[in-house]
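A structural walkthrough
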Amino acid sequence: MQKRYSKNIENQLLLNKLQQNRFFLVVLVLVVFCFTVSLYVSFSYDKEKAKKLYVEQCSKCHRKDGRGIKGVYPPLKNSDYVQNGDKIELLRGMLFGRSGKIIVNGEVYYGVMTTEVDKNLKDDEIAMILEYVYRELNGIDMKVTAEDVVRARKLGKLPPHK
Ligand code: HEC
């Protein structure tokens, strides 16, 4: 009887140990996974490529330095609209265009921006352009992902500003 009892405890201890080991294994796998994902995310933004895409897609209006043309094309550099805005809203503007009254840094614009991103661009490239605008033109450490672009596309065109 005594022997059986201690055998049971032994089994229980063994089981606990196994479960503990399994727990640590799961934690380890999770840590490695998160580390790999964060590594991938931080390297997926390529500043030179982002700059090239920005210049190709946006600079004819917003200019190479992002300062725009006063009264015609609003600035993207140090733009209070970008800084206070929501990245999904900005992506919707890039994907489907935007129009109507907009005030940027105190200046009123009544412009029309049509769809300005090339149809052949991939979602992560579109994300990279906006990330460039945040990081390089506004000094904001913002991550924009291909998933954000998918969300913006689902929400569709912005209504014109009144
Ligand atoms: C053909 C000219 C043109 C091109 C090219 C263009 N835009 Fe615009 N953009 C405009 C105009 C005009 C407005 C103001 C629209 C309004 O009055 O509602 C604007 C507004 C904006 C705004 C909101 C206001 C601000 O200045 O913060 C953002 C953000 C923006 N554009 C981003 C981009 C990005 C990113 C690209 C490149 C993918 C781009 N635009 C390409 C003309 C353009």
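Residues numbered from 1 in each chain as written. Predicted model: local features only at pLDDT ≥ 70, side-chain atom pairs only at ≥ 80, totals over all residues.

**Digging into the overall build of the chain**
Looking only at helices and strands, the chain features six helices and two strands. Each helix and strand of the chain, ordered N terminal to C terminal, gives the series α-α-α-α-β-β-α-α. Taken over C-alpha atoms, the radius of gyration comes to 25 Å for the chain, far larger than the 15 Å a tight globule of 162 residues would show. In terms of overall dimensions, the chain has C-alpha extents of about 95 × 35 × 30 Å along its principal axes. Within the span of the chain, comprising 162 residues, buried residues form 20% of the whole. For the chain, long-range pairs separated by at least 24 residues make up 61% of all intrachain contacts whose partners lie at least 6 apart in sequence. (Helix = DSSP H or I, 4+ residues; strand = E, 2+ residues; numbered from the N terminus. Rg over C-alpha atoms; globule rule 2.2 N^0.38 Å. Buried ≥ 20, exposed ≤ 12 C-beta atoms within 10 Å, placed from the backbone. Contact = placed C-beta atoms within 7 Å.)

**Some words on the domain arrangement of the chain**
In terms of domain boundaries, the chain breaks down into domain 1 (1–44) and domain 2 (48–155). Look at where the C-alpha atoms of domain 1 and domain 2 centre, and you get two points 47 Å apart. (Domains from an automatic or database assignment.)

**Some details on the nonpolar core**
Among the nonpolar cores identified, the biggest contains 21 residues, and L91, M94, I129, L130 and V133 are the most heavily contacted of them. Listed by contribution, the elements that provide at least two residues to this core are α2 (47–62), α4 (87–96), α5 (123–138) and α6 (146–155). If you tally residues by element for this core, the top one is α5, at eight residues. Once residues lying within four places of it in the same chain are set aside, the contact partners of M94 are E116, V117, I126 and L130. (Core = buried A, V, L, I, M, F, W, Y, C linked by C-beta atoms within 7 Å.)

**Looking at the site of the ligand**
Around the ligand, 30 residues are found, and the nearest of them are C58, C61, P74, G111 and M113. Those elements giving two or more residues to the shell around the ligand turn out to be α2, α3 (80–84), α4, β1 (98–104), β2 (107–113) and α5. Grouping the amino acids of the shell around the ligand by side-chain chemistry returns 19 nonpolar, eight polar and three charged. (Near = placed C-beta within 6 Å. Nonpolar A, V, L, I, M, F, W, Y, C, P; charged D, E, K, R; others polar.)

**With respect to α4**
Most of α4 sits out of view: seven of its 10 residues are buried. Among all positions in α4, only K87, L90, L91, R92, G93, M94 and L95 are buried. Here the buried face of α4 lies against α3, β1, β2, α5 and α6. Just downstream of α4, G97 is the residue with a positive phi angle, here 95 degrees.

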